[in-house]
Amino acid sequence: MYLRLQNISKTYGSKEILKGISLDVAANNTVSILGKSGCGKSTLLKIIAGLEKENEGSILLNNIDITNRKPSARNIVYLFQEALLFPHLNVFENIAFGLRLRNENKEDIKNKVTLLLQQLELETEALKMPDQLSGGQKQRVAFGRALIINPPLLLLDEPFSSLDVETRSAMQQLYKSIAVAYNITALFVTHDLKESLIMGDKIAYMENGSITVYQDKKDFINDIKTGVAGEINFWNSL
Amino acid sequence: MHKRKAIIICFIVLCCILPLLVLFMLSFSFRWVYPNILPDVFTTDNWAEFLFRNNSLQNSFFTSLLLSISVSFIATITGFITAKWIAYHKRKNLLLTLAYFPFALSPVIFAVCLKYYFLKLGLAGNIQGIIIAQLIITFPYCIIFFTSFWNNKVRSYENVSYTLGSTGFTTFKKIVFPLAKQFLLTCFFQCFIISWFEYGLTNVIGYGKVQTLTIKVYQFIGESNIFYAALCSCLLILPPVILLWVNKKFILQQSR
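### With respect to the overall build of chain A
Turning to step 1, where the next piece is worked out: When helices and strands are counted, chain A shows nine helices and 10 strands.
Turning to step 2, where the next piece is worked out: Relative to the globule expectation of 18 Å for 238 residues, the C-alpha radius of gyration of chain A, 18 Å, shows essentially globular dimensions.
Turning to step 3, where the next piece is worked out: Projected onto its principal axes, the C-alpha positions of chain A cover 50 × 50 × 30 Å.
Turning to step 4, where the next piece is worked out: Relative to its 238 residues, chain A shows a buried fraction of 42%.
Turning to step 5, where the next piece is worked out: Sequence separation of 24 or more characterises 68% of the internal contacts of chain A that already satisfy a separation of 6 or more.

Next comes the structure, spelled out in structure tokens:
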């Protein structure tokens, strides 16, 4: 397995947020994690990214134990609910940020960023500042900033939740096509049932700090606690 | 209607400028005897004395400048770092309440309370002691000022930067510093002004041995030398006016 979480636990004071989470993610796959607000989804992603420290457990990425590595040494990119573009940098510089950190030469940076801007349909926005962009454009720039460094793992924490229905749908399709083009391995956290089905090659359900991973979408649909059956009944009863 | 508005505005502007004009005029005067409307003698002697002859006034000016720059620099840097630590601390509210404590007392009362310790530590009557005394006011001020900067958004920017491969220093250099630049400059200016005009703490801890410009102004007023007091006051006004101009010209323009 490309990513292996082994028995991850986390407590805040006396409250147990994660109860021995174990999860495997195969290379070039996206696992979507569905769960209600406060179930521990974001905490799990932050632990994988190294932004929070787990109480117990280990994280293996490509068979290397990264549990005690700093976030900057993990090479795992975290995409937040908000795009969080650096407000003092324009679109081009936001996307180029990771490459500049890696001291790539100027010509390479220019070529890579220009190519990605074209793929994200943002070539006319290159010199704009973040406050001049729409919500969807901001998220695309955030994607670009993450993808350009070719991270081994992408963590997506409800990245489309603040977008309107149409933009959200467009962004989901964009992600699917980019995930194939760039061979992305990702964990996609959402509280939206439909989104979890669209985005994940595999689906997991999180509740009260525990996780259930489903073999296939049929298992996920048949499990009463995921709420899919209730949703289907609702639409059928109309 | 427009005329009335213009008159009111002129009156307000005059109220603000007139005291400064009188001060400026007095600094160029030598004798002013009642009931004359204007001083009897106008001269550049007072300024010439300050610029070329009176070392004591020059010393006061440069002592004040050194003191204020040191205090504002130390307070801004340490306040910025400490505010981050407090803002991300579990007991943020309690620690922030402690930062308000020095403002609960007047600086003079505070200085009297601390005088004994300054004497014991050999910090009374010298410039190092006054820097520390003024830091007791300016450092918590900076902490309170910067806690609004260290919010969840900035923390998220830092986290994004880390996950993109940036170290703590690079994140500070490329993300935090550009975002905080205006805050840092504004805080530096405000601390400079607090320190520049500070009298009570400086007088009590300095024992009158460290002659800052504010101490000099009071000294000249005590000696009824209003012309030198006016000259000192003009010197006191000069750096804040320059700072205001810099603030308006560069910082406000950048933020637009």
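After presenting the structure, the write-up continues.
### Quick notes on the sheet that holds strand β6 (residues 76–79) of chain A
Residues and elements named next belong to chain A.
Turning to step 1, where the next piece is worked out: Spatially, six strands are ordered β6-β7-β8-β3-β9-β10 in an open sheet, and the strand pairing comes out mixed. Looking at which strands have only one partner, the edges of the open sheet turn out to be β6 and β10 (210–213). Going from strand to strand, the sheet's axes swing by 20° on average, the running direction of each strand aside.
Turning to step 2, where the next piece is worked out: One ladder, built from five bridges, connects strand β3 (residues 30–35) with strand β8 (residues 186–190); its direction is parallel. Pairing of T30 across the sheet is with A186, part of β8.

### Structural notes on the sheet that holds strand β1 (residues 3–12) of chain A
Residues and elements named next belong to chain A.
Turning to step 1, where the next piece is worked out: Pairing is antiparallel in the open sheet, where four strands are placed in the order β2-β1-β4-β5. Across the chains shown, the open sheet's two edge strands, defined by having one partner strand only, are β2 (15–25) and β5 (64–65).
Turning to step 2, where the next piece is worked out: In terms of strand pairing, strand β4 (residues 56–61) meets β5 through two bridges, oriented antiparallel. The partner of L61 across the bridge, within β5, is I64.

### Looking at the nonpolar core
Turning to step 1, where the next piece is worked out: Counting 67 residues, the largest nonpolar core has I95, L154, L155 and L187 of chain A as its most contacted members.
Turning to step 2, where the next piece is worked out: The element that contributes the greatest number of residues to this core is helix α3 (residues 91–101) of chain A, accounting for six residues.
Turning to step 3, where the next piece is worked out: Those residues in contact with I95 of chain A that sit more than four places away from it in its chain are V113, L116, L117, V141, G144, R145 and I148 of chain A.
Turning to step 4, where the next piece is worked out: Formed by 32 residues, the second largest nonpolar core is a distinct cluster that contains F80, A87, F146 and C191 of chain B.

### Some thoughts on the confidence of the model for chain B
All names here are of chain B.
Turning to step 1, where the next piece is worked out: Residues at a pLDDT of 70 or more form 97% of chain B, whose mean pLDDT is 89.
Turning to step 2, where the next piece is worked out: Taken element by element, chain B is modelled with least confidence in helix α11 (residues 226–255), mean pLDDT 81, and with most confidence in helix α7 (residues 152–163), mean pLDDT 94.
Turning to step 3, where the next piece is worked out: Predicted complex metrics record ipTM = 0.87 and pTM = 0.82.

### As for helix α1 (residues 41–49) of chain A
Residues and elements named next belong to chain A.
Turning to step 1, where the next piece is worked out: Counting buried residues in α1 gives nine out of nine residues, a clear majority hidden from the surface.
Turning to step 2, where the next piece is worked out: Where α1 is concerned, the buried positions are K41, S42, T43, L44, L45, K46, I47, I48 and A49.
Turning to step 3, where the next piece is worked out: Where α1 ends, the next residue or the one after it, G50, has phi of about 90°, a positive value.

### Quick notes on the pairing of β6 of chain A
Residue and element names in this part refer to chain A.
Turning to step 1, where the next piece is worked out: The alternating pattern of β6 places I76 and Y78 on one face and V77 and L79 on the opposite face, and all of these are buried.
Turning to step 2, where the next piece is worked out: Two elements, β6 and strand β7 (residues 153–157), share four bridges in a ladder whose sense is parallel. From the neighbouring strand, Y78 faces β7, where its bridge partner is L155.

### Some words on the interface of chain A and chain B
Turning to step 1, where the next piece is worked out: Each partner contributes to the interface: chain A provides 17 residues, whereas chain B provides 14 residues.
Turning to step 2, where the next piece is worked out: Taken together, the elements giving at least two residues each to the side of chain A that touches chain B come down to α2 (71–74), β6 and α3 of chain A.
Turning to step 3, where the next piece is worked out: Tallied by class, residues from the side of chain A that touches chain B come to 12 nonpolar, four polar and one charged.

### Side note on the pairing of β7 of chain A
All names here are of chain A.
Turning to step 1, where the next piece is worked out: Among the five residues in β7, five count as buried, and that is most of the element.
Turning to step 2, where the next piece is worked out: Judged by which residues are buried, β7 turns out to be covered on both faces: L153, L155 and D157 on one side and L154 and L156 on the other are all buried.
Turning to step 3, where the next piece is worked out: Inspection of the sheet shows β7 paired to β8 by four bridges, in the parallel sense. Pairing of L155 across the sheet is with L187, part of β8.
Turning to step 4, where the next piece is worked out: Following the backbone out of β7, through helix α6 (residues 165–181) and into the adjacent parallel β8, one traces a crossover that is right-handed.

### Some details on helix α6 (residues 127–147) of chain B
Helical periodicity: at 3.6 residues per turn, an α-helix aligns residues three or four positions apart in one direction.
Residues and elements named next belong to chain B.
Turning to step 1, where the next piece is worked out: Relative to the 30 Å expected for 21 residues at 1.5 Å per residue, α6 spans 29 Å between its end C-alpha atoms, a close match to the ideal helical length.
Turning to step 2, where the next piece is worked out: Of all the bends found along α6, the most pronounced is centred on L135 and spans about 40°.
Turning to step 3, where the next piece is worked out: For α6, the buried fraction is high: 15 of the 21 residues fall into the buried class.

### So, the packing of helix α3 (residues 55–87) of chain B against helix α8 (residues 168–196) of chain B
Residue and element names in this part refer to chain B.
Turning to step 1, where the next piece is worked out: The contact between α3 and α8 brings their axes to 8 Å, and the two run at 135°. When the axes of α3 and α8 are compared, the pair comes out oblique. Two packed elements cross with a definite hand, and for α3 against α8 that hand is right-handed. Residue-level inspection shows S64, L67, S68, V71, S72, A75, T76 and F80 of α3 in contact with α8, the latter providing L184, C187, F188, C191, F192, S195 and W196.
Turning to step 2, where the next piece is worked out: In terms of residue class, the contact of α3 with α8 is made up of 10 nonpolar, five polar and no charged.

Criteria and thresholds
- Residues numbered from 1 in each chain as written.
- Chains lettered and ligands numbered in written order.
- Predicted model: local features only at pLDDT ≥ 70, side-chain atom pairs only at ≥ 80, totals over all residues.
- Helix = DSSP H or I, 4+ residues; strand = E, 2+ residues; numbered from the N terminus.
- Rg over C-alpha atoms; globule rule 2.2 N^0.38 Å.
- Buried ≥ 20, exposed ≤ 12 C-beta atoms within 10 Å, placed from the backbone.
- Contact = placed C-beta atoms within 7 Å.
- Pairing = 2+ DSSP bridges.
- Axes fitted to C-alpha atoms, helices over the stretch in contact; angles between N-to-C directions.
- Core = buried A, V, L, I, M, F, W, Y, C linked by C-beta atoms within 7 Å.
- pLDDT = per-residue confidence, 0-100.
- Nonpolar A, V, L, I, M, F, W, Y, C, P; charged D, E, K, R; others polar.
- Right-handed = clockwise from strand over helix to strand, strands pointing away.
- Expected span 1.5 Å × (residues − 1).
- Bend = angle between axes of the 7 residues up to and from the residue.
- Parallel < 35°, antiparallel > 145°, perpendicular 65-115°, else oblique.
- Left-handed = near helix turned anticlockwise from the far one by under 90°.

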